[in-house]
Amino acid sequence: MQRGEAAKVYNLSSAGKALPGWLSAKRRRSLQRESAAGRLEVVQNLQFPTACARVKVSADGETLMATGAYPPQLRAYELRELSMKYQYHFVSDVVQFQILSPDWKKAVFLLSDRTLQFHSQFGKHHATRIPHFGRALAYQRETCELLVGGAGPELFRLSLERGSHLSPLQCGCAGVAALGVHPAHGMLAVGTTDRAVGSAPMTRPATPLDETRRSVSHAMRTARRGRNARVCGRAG
């Protein structure tokens, strides 16, 4: 959004920061010196025919990548130009994806047919399959391992440095619903379908999941008991 002499001007073009020609030269210079915080900039063609499922931004902040349907597809947008960079169509729906490099050039996509598709800047690079239907992805940069969880107790590991599968981690649960790796110390967190949370340090490649998994409902009950005890203490 830009403020003109007596009206608000909304610029929806791909340029984003262009000023209307009817402004005076002094007013144009004044607006050009202002920060872009109060302006409305729209990414062109940021839409899907049916629905958008996942959206992620590359680590360098230059590219936005989104997957959606129908048909199943990936669309990448260059944020500096506020326009679409490229699009790619899949055979199956994209369940989850992970950007592997600081920019957009390396990524992996987990598809609904148990396929893992690795992409580089020229397109599809390699594809492999996992034994169970997948739900979650995580990438451990220190060990160059891709972690895949889904409808089963195993957490599958792929070494991107060796280019091979590693022995899976046993989670001791019915299935894996979510995965997360802390960017600072590399701790892995696993959310399971039986309402449990587990953690494990992944700096060593063969570390099993921590046995101190705790139920989310149990943690909530413990927190409630602690609050009740504090209230009773104040009342006494």
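Residues numbered from 1 in each chain as written. Predicted model: local features only at pLDDT ≥ 70, side-chain atom pairs only at ≥ 80, totals over all residues. Heavy atoms only, no water.

Help me out: how do you make sense of the pairing of strand E15 (residues 176-181) in this one?
Successive residues of a regular strand alternate their side chains across the two faces of the sheet. Relative to strand E16 (residues 187-192), E15 runs antiparallel, the two sharing five bridges. Considered in E16, the bridge of Val 181 is made with Leu 188. The antiparallel pairing of E15 with E16 creates a hairpin that spans five residues between the two strands, and Gly 186 there sits at a positive phi of about 75 degrees. (Pairing = 2+ DSSP bridges. Helix = DSSP H or I, 4+ residues; strand = E, 2+ residues; numbered from the N terminus.)

Is there a simple way to explain the environment of Pro 49 in this structure?
With respect to the element layout, Pro 49 can be found in the loop between helix H1 (25-33) and strand E3 (51-57). For Pro 49 and Pro 71, which are 22 residues apart along the polypeptide, the C-alpha to C-alpha distance reads 7.9 Å. Discounting chain neighbours no more than four positions away, the residues touching Pro 49 are Ala 69, Tyr 70, Gln 73 and Arg 75. (Contact = heavy atoms within 4.5 Å.)

How should the sheet that holds strand E12 (residues 145-150) be read in this particular structure?
If you walk across this open sheet you meet the four strands as E11-E12-E13-E14, and the pairing is antiparallel. The open sheet has two free edges, formed respectively by strand E11 (134-140) and strand E14 (164-170), since each of these has just one partner strand. Geometrically, the sheet is characterised by an average inter-axis angle of 25 degrees between neighbouring strands, direction not taken into account. Pairing of E12 with strand E13 (residues 154-159), which is carried by five bridges, proceeds in the antiparallel orientation. Within the sheet, the bridge partner assigned to Val 148 lies in E13 and is Phe 156. (Axes fitted to C-alpha atoms, helices over the stretch in contact; angles between N-to-C directions.)

Got a minute to help me understand the sheet that holds strand E5 (residues 73-78) in this structure?
What holds strands together in a sheet is hydrogen bonding between their backbones, with the strands either parallel or antiparallel. If you walk across this open sheet you meet the four strands as E3-E4-E5-E6, and the pairing is antiparallel. For this open sheet the edge positions go to E3 and strand E6 (83-89), each flanked by a neighbour on one side alone. Adjacent strand axes in the sheet meet at a mean angle of 20 degrees, parallel and antiparallel pairs treated alike. With six bridges joining them, strand E4 (residues 63-69) and E5 adopt antiparallel strand pairing. In the sheet register, Leu 64 faces E5, and the bridge partner there is Tyr 77.

I tried to follow the pattern of salt bridges on my own but got confused; where do I start?
It is possible for side chains bearing opposite charge to pair when their charged atoms get close. As enumerated under the stated definition, the model contains three salt bridges in all. One salt bridge in this structure joins Arg 80 and Glu 62, with 3.1 Å as the shortest N-O distance. Here Arg 80 is found in the loop between E5 and E6, whereas its partner Glu 62 is found in the loop between E3 and E4, with 18 residues between them in sequence. The partner of Glu 145 in a salt bridge is Arg 157, with the nearest N and O atoms 3.1 Å apart. (Salt bridge = Lys/Arg side-chain N within 4 Å of Asp/Glu carboxyl O.)

What is the right way to look at the pairing of E4 in this model?
Taken across its seven residues, E4 has seven buried, putting it largely inside the fold. Here E4 shows two buried faces, one formed by Thr 63, Met 65, Thr 67 and Ala 69 and the other by Leu 64, Ala 66 and Gly 68. Bridge analysis of E3 against E4 gives six bridges, and the strand direction is antiparallel. Looking across to E4, one finds that Val 55 is bridged to Ala 66. From the end of E3 to the start of E4, which pair antiparallel, there are five residues, and Gly 61 there has a positive phi angle of about 75 degrees. Remark: three residues form the turn of the hairpin made by E4 and E5, two consecutive strands paired antiparallel. (Buried < 20%, exposed > 50% of the residue type's maximum accessible area, 1.4 Å probe, protein only.)

Explain unusual backbone geometry to me, please; I cannot follow it from the model alone.
Looking along the chain, the bond that leaves Ala 69 and enters Tyr 70 is cis, with omega of -10 degrees. Put simply, Tyr 70 and Pro 71 share a cis peptide bond, and its omega is 10 degrees. Although it is not a glycine, Asn 45 sits at a positive phi angle of roughly 60 degrees. With respect to the helices and strands, the residue Asn 45 is situated in the loop between H1 and E3. Residues other than glycine seldom take positive phi values, yet Leu 82 does so here, at roughly 55 degrees. For Leu 82, the location among the structural elements is in the loop between E5 and E6.

For this particular structure, what's the right way to read the environment of Ser 159?
In this structure, Ser 159 sits in strand E13. Through-space distance from the C-alpha of Ser 159 to that of Thr 143 is 7.9 Å; in sequence the pair is 16 residues apart. When near neighbours in sequence (up to four residues on either side) are disregarded, Ser 159 contacts Cys 144, Ser 164 and Leu 166.

Read these as geometric descriptors, not functional statements.
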